[in-house]
Amino acid sequence: MSNVFVVDTYQRPLNPVHPGRARILLSEGKAAVFKRYPFTIILKIEVQEPAVQPLRIKLDPGSKTTGLAIVNDATGEVVFAAELSHRGQKIKAALDDRRTVRRSRRQRKTRYRKPRFNNRKNKKKGWLPPSLESRIANVLTWVNRMSRSCRITAISMELVRFDMQLMQNAEVSGVEYQQGTLAGYEIRHYLLEKWDRTCSYCGSKDMPLQIEHIQPRANGGTNRISNLCLACEACNTAKGTLDIAVFLKKKPEVLKRIQSQAKKPLKDAAAVNATRWALFERLKATGLPIECGSGGLTTFNRTTRAFQKTHWLDAANVGKSTPDVLIVKDIVPVLITATGHGSRQMCRPDRYGFPRTSAKGNKKVKGFQTGDIIKAIVTTGIKKGTYIGRVAVRSSGSFTIVTSTQTIQGISYRFCRMVHHSDGYSYTKGSALLPMHECRGIRALEKR
C-alpha cells in the first residue's frame, strides 16, 4: 500500500512513514488514527524542529478519471497514488432531467414557475458548465487535502490539448503545427483510449496495434477520426481493401459495435480542452510553483521506465522533473470516486414532474448521515456479527449497512461507531502493478 501520512499533535505535516512503522506507533500508543482516507495518523507529542522533506504532487487530468501521485524528487519514491473518478456525466444527466421536467410542466395548464430570462445570471468570462466545474473542484479538493497531510512544495500537471480539427481531418493543409514532429501522435493516443487498446475486430489486447481505416482509402475512405479504428496486424492484413460489411458478414454484432463506436463524439477531448487552463489558473492561485508537461513527454517518460499504462503511473511520469528512477514497489493506489453530497430535490418526482415521495427528513439521524463509513458490532440476535461499510440512515434509527460483500438492513444506531464521515467521495482499494512480463505487450503497443 501507499505510505501513511503523519501529523504532529498540532496537526502539522511530517514525513510519511511506511505502513509497518505506522502500525508500531499505533500499537505502542504513541499515535492515533487521525483520518481514514487518506490514511493519516496523529502523534501524541510535539516534534521539535522536524526535518520534513519536500514533496511534489503530480496530476494527469482526464475527462473521466484523473491520476494523482505524490513523488519525492530527491529519492524518486512514489509516496502516495490515487485515481480520482469524476461525476461530470451524472451532473449533466441530472440537469437534463430537471430541464425536461420543467419544460414538460410549462406545456400543461398547471401551476409552474415561469421562465425568467431577464433575471438569469450573466455568464462571466471563464464560466464553465457545472459538469466541467465539478472536475476542477474535485482536483482542487484533493490538492488541498494532500497539502494538509504532507509538505507539498510543487505541482506538476499535464497540460494536454487535443487538436479537434486535426482529429476530424488529418489532411488539413496550411497549418504550420502539422509539420511538427508530434503531428499524428495525438490521433494515435486518442484512438488508443477510444478503442480501449484492443483490436476492433478480434478483441486482442497486449499486442502491437495498427491504425485501420474502417472504409478503406482505396474505396474512398478518409482519414477522419470517425473512419479510424485499431486492428492487429493479422486482422488488418486479412481485411485489406474489403468493405467492413463484407469482412464482418459472419459477425454482425461486431459490425454493429464498431459502427456505433466509430461515431462516438469527441466530448471527452472537448472537456479536457475546456478545463485545462481553468485548472492551471486555480492551481496557480495556491501559490505553489507549477510545472507543465505534454502528453507526449508523459508517454515517453513512462515507456522509457517500462511502466504499464495506468492513470496514477501517468501522473507519476508527468513533466521534466520526473526522476530517472521511480520507486513504485508495493504501491497500491486508492480508487476515489466523486459521489456528491446528496440531492437538492425536496422530494422525488415521477416522470410527469409530480412528487411521488414525501419531503425529505433530517439529514442526520442520531449523529449519522447517509454515506458515512461506520463499524457496527451487533452483539445479539440473528444479525450478530461485525460489519464495516457505508450506512443509509432512517429517522427510526434502524439503519442499512452496505459492505463490500453484502447489504444488512435493520441495524440499530446503538451498535454503530463512526469510522469516516461522508465527504462526497467513496473509496476502494486499487490493484498492484502487474509483473513486468505481463506488461510487455502494453509497452510494445505504446512504442508503436
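A short tour of the structure in this document, coming up. Predicted model only: the values in this text are computed from it and were never measured.

1. Overview of the sheet that holds strand S3 (residues 40-43)
Spatial strand order, S1-S3-S2: 3 strands in an open sheet with mixed pairing. What marks the edges here is a single partner per strand, and that holds for strand S1 (5-7) and strand S2 (31-35). Geometrically, the sheet is characterised by an average inter-axis angle of 35° between neighbouring strands, direction not taken into account. In this structure, S2 lies alongside S3, joined through 4 bridges in antiparallel fashion. Bridged to Ala31 within S3 is Leu43. Lying over the sheet, helix H3 (residues 130-149) contacts S1, S2 and S3, oriented at roughly 60° with respect to S1.

2. Details of the nonpolar core
Of all hydrophobic cores here, the largest spans 32 residues; its most connected members are Ile57, Leu59, Ile70, Trp142 and Leu283. Contacts of Leu283, omitting those with residues within four sequence positions, involve Leu59, Leu140, Val143, Ile155, Met157 and Ile290. Formed by 23 residues, the second largest nonpolar core is a distinct cluster that contains Leu191, Cys199, Leu230 and Ile244.

3. Focus on the packing of aromatic side chains
Tallying each qualifying case throughout the model produces 7 aromatic pairs. Ring plane angle 50° and centroid distance 5.5 Å describe the contact between Phe5 and Phe80, whose orientation is recorded as tilted. Pair noted here: Phe5 is in strand S1 and Phe80 is in strand S6 (residues 77-85), with a separation of 75 residues, a long-range link. Residue class for Phe80 comes out buried when judged on its relative accessible area of 6%. Plain terms: the ring middles of Trp277 and Phe280 are 5.4 Å apart, the flat faces sit at 85° to each other, and that makes the pair edge-to-face. One end of the pair is Trp277 and the other is Phe280, both in helix H9 (residues 267-284) and 3 residues apart, which spans about a single turn. One aromatic cluster is present, built from ring pairs that chain together Tyr37, Trp142, Tyr425 and Tyr427. Above the plane of the ring of Trp142 lies Arg145, whose end atom (NZ or CZ) is 4.8 Å from the centre. Over the face of the ring belonging to Phe415 we find Arg414, whose NZ or CZ atom lies 5.9 Å from the ring centre.

4. Some points on the sheet that holds strand S17 (residues 407-412)
Taken in spatial order, the 5 strands of this open sheet run S17-S16-S15-S14-S18, and their pairing is antiparallel. Both outer strands of the open sheet, S17 and strand S18 (416-420), are each paired with one neighbouring strand and no more. Adjacent strand axes in the sheet meet at a mean angle of 45°, parallel and antiparallel pairs treated alike. Examined bridge by bridge, strand S16 (residues 398-402) and S17 share 4 bridges and lie antiparallel to one another. Bridge pairing in S17 places Val402 opposite Thr407.

5. Some words on helix H2 (residues 88-106)
Under the 1.5 Å per step criterion, the end-to-end length of H2 is 27 Å for 19 residues, consistent within 8% with the ideal 27 Å. What H2 keeps buried is the set Gly88, Ile91 and Val101. Down the axis of H2, the sector holding all buried residues measures 160°, keeping them to one side. Along H2, exposed side chains directed more than 90 degrees from the buried face belong to Lys90, Asp97, Thr100 and Arg103. Those residues of H2 that are buried lie in contact with H3.

6. Notes on the pairing of strand S5 (residues 65-72)
In terms of residue burial, S5 counts as a mostly covered element, since 8 of its 8 residues are buried. Taking every second residue as pointing to the same face, both faces of S5 are buried, with Thr65, Gly67, Ala69 and Val71 on one and Thr66, Leu68, Ile70 and Asn72 on the other. The loop that links strand S4 (residues 55-60) with its antiparallel partner S5 comprises 4 residues. Bridge analysis of S5 against S6 gives 8 bridges, and the strand direction is antiparallel. When the bridges of S6 are listed, Leu68 appears paired with Ala82.

Procedures and definitions
Residues numbered from 1 in each chain as written. Predicted model: local features only at pLDDT ≥ 70, side-chain atom pairs only at ≥ 80, totals over all residues. Heavy atoms only, no water. Pairing = 2+ DSSP bridges. Helix = DSSP H or I, 4+ residues; strand = E, 2+ residues; numbered from the N terminus. Axes fitted to C-alpha atoms, helices over the stretch in contact; angles between N-to-C directions. Contact = heavy atoms within 4.5 Å. Core = buried A, V, L, I, M, F, W, Y, C linked by side-chain atoms within 4.5 Å. Buried < 20%, exposed > 50% of the residue type's maximum accessible area, 1.4 Å probe, protein only. Phe/Tyr/Trp six-rings, centres within 6.5 Å; stacked < 30°, edge-to-face > 60°. Lys NZ or Arg CZ within 6 Å of the ring centre and 35° of its normal. Expected span 1.5 Å × (residues − 1). Arc of directions from axis to C-beta.

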